[in-house]
Structures are given as structure tokens and as C-alpha cells.
Amino acid sequence: MTPELGHFALFLAISLALVQAILPLRGAAIDNWAYMRLARYTTWGQFIFTGIAMITLAHAFLVNDFSVLYVAENSNSHLPLVYRFCAIWGAHEGSLLLWVFILTGWMTAITLFSRSLPEAIVARVLAVLAVIAIGFYLFLLTTSSPFDRILPNIPADGADLNPILQDPGLALHPPILYMGYVGFAVPFAFAIAALLSGHLNPLWARWSRPWTTIAWCFLTLGIVLGSAWAYRELGWGGWWFWDPVENASFLPWLAGTALIHSLAVTEKRQIFKAWTVLLAVCAFSLSLLGTFLVRSGILVSVHSFAADPQRGLFMLGFLLFVIGGSLAIYAWRGRMLTSENEFSLWSRESFLFLNNVLLFVAMLTVLLGTLYPLIVDVLNLGKISVGPPYFNIMFMPLMAPLFILMAIAPLFQWRETPLKHLRTKLLSYLGIVISLATFLPLILSIKITLWFFVGLCFVLWVLLFTLHHGLTWKKWLKPRRLLLSQWGMISAHLGIGITALGIICSIAYSQQKDVSMAPGDSVSLGHYLFQLRTVNPIQGPNYQGMQAAIAVSYQGNPLKVLFPEQRFFPVANAATAKAAITAGIFRDLYVALGSPLANGAWSFRIYYKPFIRWIWAGGIMMVLGGLLAVGDRRYRRKEVHERLA
Amino acid sequence: MITTRRFLNLLLPLAIFLTILIFLWIGLYRNPRIIPSPLLNKPIPEFQAKTIPETTRLLTNQDFIGKVTILNVFATWCAACQAEHSVWIESRHDLKNAQIIGLSYKDSSFKVMNWLKQYGNPYDQIMDDPQGQIGINLGVYGTPETFIIDRQGIIRYKFIGAVSSADWEKTLLPEVQKYAA
């Protein structure tokens, strides 16, 4: 009975969404206060009813109700409780429900944090979000219901969750990532609301910024978690594969980063209006496109959900409606977005303009690479795959100018900054960077390649300038008196520098060995010695396997014992390896257990990965930067507005 | 007043999106996982193989010349091969001018002989490929796979996966008849 309640709750939610999509829009057009206010109440209703749907699905998993098809396909009575719960979003139908639930969450947040916004704006924003929600509710109620039953032959037990997903990463990565994906619907809605209203309120950018930044923070965190999870789970020591589904999350991130910066310009200088509105539409469109690509079977990926052309058609229709519709509205109303202020070549506006150009081109490059196999196939030119060689060659050179500009942009004022004021500073820092890049490796006596030297220069350039923005040389690096939003910028840019440092160090200095070891054998990698002690069978709740005990020592001193495993899940009929990692600030040691060889030996892969945690630490700093920026006082000041349409 | 250029600028994003959408729509009806064999319309690679059961004679490319051949790559350790086995047994009725040659891929001849004794032997000849070397040269990346080779020894068709009766009647048999005629 309970799953049917959840199904019914979705019907109630879609009814409310229909009301929310129509009446508040009408109310904003004819200035009817009641109709506009209605949006807030229908939002809470949607949140409650979608929440009920989530709860009933969770309940079905928790009590092992295998009469529900989705539970039977993704769970098992021996599956540990936490994964039974997380299996809600382990496959297509449930993750769609999570998507729309998070959307109702964002809608509710808007009702709570919009006291300083005119009612008409709130009404239009919520109406646009309701239209998007309707699309997802329809999807859930027609082809993709998680509440379908298998009757009368209820299976005795379920098919178990995909073993790769049985990892703590499943608890965090999808919900946080979805908070980001879905979150970009909010700036999208603000953009459409502005276009529909017929004029772009000067405060539009200020209202959009905190929402955009928070969504961006979640997306960044989601990508960081996904990368760390892949590293831990897949056993190859890699953390980014340019897989189509990874790209599906990176594309909105690139557009979102450009959007954050573009909004800053629009807020301060009232220019780039048309571009910012378009970019807001673009970021969310990429988010939706990503959702489509992952579930339609159109691209080959390790991440993709099971494909079904019928679902693909539905989503395509939805994309046409939402993206096509918003771009049509842009074409219709866009002419009102004109800008008047001027700026000179050497100004902050120029730098942010270049920032947007570079990020947008980078986004297009990744988009092209991701869609290229499809384009080639449709044009009957053959079957190809596009992988890291393309992406690395195209993406890295775009990041280089971005790094150079990112560091020095804050030095430039709005409108105009004569270059000669900054010339000395720029040149002297260039000198410091090059000297540091040359002498640091000499002092630390590590060999470097030209490639690494160049990369290090870029990293130091960003790090030094960004530190300069925050600290003064006088009084021994005392922090400057800055606004929270400026600290946010510093933290985020430092984060990028640290991520880049982690990337170049781990690429340049990673070591790896494929070895065969029998108990008692040992192998050395750098200053570390790995000795295999035992390989024993193990038993888990829903798996059995083999576990190796490897003693690691550093220059003769015992460090730790690692336990890499091979796990076989009989119900799912699949095996995964669980790598053993000992993490450190400056290096990771990573051991993966392979297959048994002759004479009681086993194959192992051992990695030494220096600075790899810095890649994700930098990402966390970026998230922190975004949160600091949102905390800035100007967003918390309540401003009283005239009732603007 | 809005200039033509401004108007086109406003319409451009929509136009680009609609183009992408068309590609996505067509792409829905394609299967990205089907990869055509690079050996299509090329001669079968040179090889020499022992037979199962082992005789003094070795099978070579010459055995593929003069008759249309169905080359079925199989293994006893492959569940899907067991599933399609009965289709091959049945197919012998339809074959007048063609021969079926099996390729035992990464398997032991002993196991293969037992398996065929138990389930029947549809093959005119069986090539033994315990290391999978011939398979690699043919571009085999999974079992079962079936090739249709014409009288001149040119590979004309590749079917990946288990062959059902429907697949045999509707897809493979017409191809065989095309080249056997």
C-alpha cells in the first residue's frame, strides 16, 4: 500500500505544479497579489508530497519490499542498511525522483530567502521552476515510475545493488551533485523570469548571484566527491577519465564558473546583460543535456544508466520544450537587454570578458569532444571514440591563459586601470615566480622536466598573486581588511592553484609497478617497501572474496598494513576489487589486488601518488570560497523595493 | 528598431540548439555499441590451425576457398555459445552450398570434444585456437561471433553475439544465400 501512496503523492505534486506554472505567471502579468503569493504555498505542497514519495520509496527499500520492481532490481536482503537506503538513487527511476525532490527543495529555499525580492519576480521564478518540475513529474508518472509492482510473482530476494556502487561514495556524491545540477535551474529561472517581465531590473544580477554561487559550490563539491570516489573505487589510480558522464557534470561547471564571473560584471557595471542571461540559460541547459546523455543510451559510458529509446524520446521532447522554449523567449525578448557603460582595454571588465571567453570555449571544446562520436555516427562517417588524448590536448592550452589572467585580474579596477601603474608589480612577480620555479626544485633536489617547470610557473603565478591580494608585505604578511566576497575570491583562486599543483605533481612524479608476489615476497617503490604477508578468504554481508595483508615500511621503519581485497557478489554475479589506500597530505600509497597466478602468487598493482589529495583539497577551497562570497553582507541586507513588475 | 544583425544574433543560440537536437534525435536510433568489423570485405587473415579432433592435416586459408563458409567462433566456457548451439544444429538443413567451420577460441580440445559429443556437432571442421591468436587476427573481442566468408575467402559479414533462430532465418541465411548463389 505504501508505494501506492508515494505514487499518489506524485499526482498531487504535479497538480500543484500545474497550478504553480499558470496562476502566478498570470498574477505577475496583471499584478494580482493573491495569485502571486499562491506560488509560495504550492511550492511547499510540492516539497511535502515529493518528500512523501521519497519516504515511501525509502520505506520499500528498508523493509525489503521486493514486490516493488525498482527495489527488486536494485537491492537485496543481505545488502547493508546504508546501501539499501542509498539504492534509492542507484538507478534511473529513483534518481529522477531524487532530482525532482531536490528541485522542490530549491523552490522552498527560494520562498524562504526571498524577502527582499519583489513578489512578481518570485512568482515568475517559481512558475518557471514549476514548469521544469512538471516535466520530471510526467516522466516519473509515465515511463519511469519507481513504484511499479511485480505481481503476482514476487521475487524471494532482489538482484542486489551494482557492486561498484556499494561504497560510501554513493551516500554523498549523487545527492550533492544533483543539488548542483538542479541548483542551476534557479539562475535559469531568474533569467527567464526577467525576460518574461519585459525589463531587466538593475538588481537582477545581485538577486541571482547567491543562488548561482551556492549551486556552483554544490556542483564543485559533487565533482570533487565523484573524482575521489572513482580514484578509490576503480583501482587504476586515476581520478578523471573524460568519460561522457563526467563531462556531463563538467560542462555545467564550466558554464557556471563563467556565469558567476559574468554576473559580477552585470551586477557592478550593468553590462554583458544579454550574455549573462544567455549563459544562465546555457548552464542549466547543459545540466539537462547531461541528464539526457546519461539516460538515453546515446553515448557509451561506464556510468550510464540502462538505455531505453522511449525514455530518450521523452527527454528529448523535454529538452526541446525547455531549452528551445527559453532560447525562443530569449530571441523574442532579448532586444531589451542593452548595455551602455564603456570600459577600456586594461580594466577588470576586460579580464572578466576574457575569463568568459576562455571558459566558454573550453566548455564548447569538451562538448564537441563528448558529442563527436554521435555526430560522426549520425553522418554515417563511421564509429569513433574520443578520449583523454583529445581532451588533454584541447583543454590544457585553454587553461594556461586563464591562469595568467586569473591571478592579475583583481589588480585591475573597474572601467580603467592604466597599465603603467601595475607594470612594475607584474614584472617583479614574474621574476619571483621564475626564480622560485628554478630554485625550489634545486633546493629540494628533485629532478624536473621542462613541462613541469612551465606548469609550476603557472601554479606559482596564481598562488603568489592570490596571496598578495589577501596579505600585505608590510607587518609580516598581515591579512588585509577585505570584504567576505573578496576572501571568497581569494580562497577559490587559491583552490584552483592548489588543484593545479596537485595535478602537475601527481602526473610528473607518480610511480606504479605491476608485480607478482607470493606470501613473504616484497617489492620496493621509491623509499617504500611493500611486503605481502598473507592472502586469506573473507566473507562479507553480501559478498565473499580474498583479502591480502601487505606491510608497508618507509626507509626501513614500519608504516602500516594495507588490506586490498577482491570481492565477488554472488547475487549480482559480479566482482570488484577494493584497493587499499594509505592517504597522506603529501602522498598516497595505493595497492590493488589482482588475480591469482601460479604457485600461490597473486598479481598486484602498487602506486605511489604524490600530492594527489591536493587536487581535491583545492576543490574544497573553491567550495569554501563560494560560501564565503555568499556570506557577504550585501546579500543579507534587506532592501525595500517598490513593487516592480 | 532592431537591426537585422541583432535579430540574427538573438536567433543564433536557438538555431544552434535545434541543430544539436536533431543530431541527438537521430542518435537515439543508433546503437553506439555496434562497431563494424574493420575486416569487412577483406580477405581472411592467413593462418594455420590444428583441427579438433586432431588429425595430421592442418586447416589453412585454402579451406575457405571454393565454398561459402560460416565461421562460428565459440567456446565451451561461454554461456551464450551454448544458447545458440541448437540453432547451428538446425541450420545444417538449410545449408546446401555452404560449410560451417567452428573456431574453438581459448579452449581445450578435450573439453570441446566432450561438449560436442554431448550436444551434437554442427561443424564440418573445427579449428583449434587455444591461445586465441587466430581470434585476435580476426578481430574477435568476445564470444560467440559468426563470420560469413564468400567463395574467394573474403569476409562479407560479421554477427556479434548469440544467433537465435530468428537471427538465422532473417539475417544470416539470406546473406549466405547471397554469396552462395
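Along each chain, residues carry numbers from 1 onward, in the same order as the chain's sequence is written. Chain labels run from A onward and ligand labels from 1 onward, assigned in the order the entries are written. Given that this is a predicted model, residues contribute local features only at a pLDDT of at least 70 and side-chain atom pairs are listed and counted only at 80 or more, while totals for whole chains, interfaces and linings are drawn from all residues.

1. Description of the overall build of chain A
Put simply, the test is: Put simply, DSSP marks the helices as runs of H or I at least four residues long and the strands as runs of E at least two long, and each gets a number from the N terminus on. Put simply, the radius of gyration uses C-alpha atoms, and a globule should come to 2.2 Å times the residue count raised to 0.38. Two residues form a contact once the distance between their C-beta atoms, set from the backbone, is within 7 Å.
The helix and strand tally for chain A stands at 19 helices and twelve strands. The C-alpha atoms of chain A give a radius of gyration of 27 Å, which matches the 26 Å a tight globule of 645 residues would have. Taking the principal axes of the C-alpha coordinates as reference, chain A spans close to 85 × 80 × 55 Å. Partitioning the contacts of chain A with sequence separation of at least 6, the portion at a separation of at least 24 is 74%.

2. A few points about the overall build of chain B
Our working rule: Residues with at least 20 neighbouring C-beta atoms inside 10 Å of their own are called buried, those with 12 or fewer are called exposed, and the rest are partly exposed, where every C-beta is derived from the backbone.
Of the regular secondary structure elements, chain B holds five helices and seven strands. Start at the N end of chain B and walk to the C end: the helices and strands fall as α-β-β-β-α-β-α-β-α-β-β-α. For 181 residues, the compact-globule formula gives about 16 Å, and the C-alpha radius of gyration of chain B, at 23 Å, lies well above that figure. Viewed in the frame of its principal axes, chain B has a C-alpha envelope of about 90 × 35 × 30 Å. Among the 181 residues that make up chain B, the fraction classed as buried is 31%.

3. Here's the deal with the sheet that holds strand E3 (residues 511-517) of chain A
Strand pairing in a sheet is mediated by backbone hydrogen bonds. Such pairs are either parallel or antiparallel. Residues and elements named next belong to chain A. Convention followed: By this definition, two strands are paired if DSSP reports at least two bridges between them. Angular values range over 0 to 180 degrees, each being the angle between N-to-C directions of two axes fitted as lines to C-alpha atoms, with helices fitted over their stretch in contact.
The sheet built from four strands is open, its strands ordered E3-E12-E11-E10 with antiparallel pairing. The two strands at the open ends of the sheet, each matched to only one other strand, are E3 and strand E10 (580-583). Between one strand and the next, the sheet's axes are offset by a mean angle of 15°, whatever the strand orientation. Looking at chain direction, strand E11 (residues 587-596) and strand E12 (residues 602-610) are connected through eight bridges and run antiparallel. Bridge pairing links Asp-588 to Lys-609 in E12.

4. Some words on the pairing of strand E1 (residues 48-51) of chain B
Consecutive side chains along a regular strand alternate between the two faces of the sheet. All names here are of chain B. When E1 meets strand E2 (residues 59-60), the two strands line up antiparallel, connected through two bridges. By the bridge assignment, Ala-49 is partnered in E2 with Leu-59. Where E1 and strand E5 (residues 125-129) come together, two bridges link them in antiparallel fashion. Bridged to Thr-51 within E5 is Met-127.

5. Digging into the confidence of the model for chain A
Residues and elements named next belong to chain A. To be explicit about the condition: The predictor attaches a confidence to each residue, called pLDDT, with possible values from 0 through 100.
Residue-level pLDDT values for chain A average 90, and 98% of them are 70 or greater. Within chain A, the lowest mean pLDDT, 70, falls on helix H19 (residues 633-636), and the highest, 96, falls on helix H18 (residues 612-630). Scored below 50 in pLDDT, residues 640-645 shows eight contacts in the model against residues more than four places distant or in partner chains.

6. Examining the sheet that holds strand E4 (residues 98-105) of chain B
Residues and elements named next belong to chain B. Read across the sheet, seven strands follow the order E2-E1-E5-E4-E3-E6-E7 without closing on themselves; strand pairing throughout is mixed. Looking at which strands have only one partner, the edges of the open sheet turn out to be E2 and strand E7 (155-160). Alignment of strand E6 (residues 145-149) against E7, held across five bridges, turns out to be antiparallel. Pairing of Thr-146 across the sheet is with Phe-159, part of E7.

7. Some thoughts on the packing of helix H16 (residues 450-470) of chain A against helix H17 (residues 484-509) of chain A
Residue and element names in this part refer to chain A. Heads up, the condition is: When an angle is under 35 degrees it counts as roughly parallel; over 145 it counts as roughly antiparallel; between 65 and 115 it counts as roughly perpendicular; any other value is oblique. Take the far helix as the reference: if the near one is turned anticlockwise from it by less than a right angle, the crossing is left-handed, and if turned clockwise, right-handed. Gly is put with the polar residues, along with every residue not named as nonpolar or charged; the nonpolar set is Ala, Val, Leu, Ile, Met, Phe, Trp, Tyr, Cys and Pro, and the charged set is Asp, Glu, Lys and Arg.
At a minimum axis distance of 9 Å, the contact between H16 and H17 shows a crossing angle of 160°. In this view, H16 runs roughly antiparallel relative to H17, as classed from their interaxial angle. Between H16 and H17 the crossing geometry is left-handed. Here H16 contributes Phe-452, Gly-455, Leu-456, Phe-458, Val-459, Val-462, Leu-463, Thr-466, His-469 and Gly-470 to the contact with H17, which in turn contributes Ile-490, His-493, Leu-494, Ile-496, Gly-497, Ala-500, Leu-501, Ile-504 and Ala-508. A class-by-class count of the residues in the contact of H16 with H17 yields 13 nonpolar, six polar and no charged.

8. Details of the domain arrangement of chain B
Where we set the bar: Where a domain begins and ends is set by an automatic assignment or by a domain database.
When cut into domains, chain B gives domain 1 (1-30) and domain 2 (48-180). Taking only C-alpha atoms into account, the centre of domain 1 of chain B sits 50 Å from that of domain 2 of chain B.

9. Things to note about helix H7 (residues 169-183) of chain A
One turn of an α-helix holds 3.6 residues; hence residues three or four places apart share an orientation. All names here are of chain A. Condition: A helix is expected to span 1.5 Å multiplied by its residue count minus one.
Across its 15 residues, H7 extends 21 Å between first and last C-alpha, which sits within 8% of the 21 Å expected from 1.5 Å per residue. Taken across its 15 residues, H7 has eleven buried, putting it largely inside the fold. Every buried residue of H7 is accounted for by Leu-170, His-173, Pro-174, Ile-176, Leu-177, Tyr-178, Met-179, Gly-180, Tyr-181, Val-182 and Gly-183. In the core, the buried residues of H7 are packed alongside helix H4 (81-86), helix H5 (92-112), helix H8 (185-197), helix H9 (204-234), helix H10 (244-269) and helix H11 (273-296).

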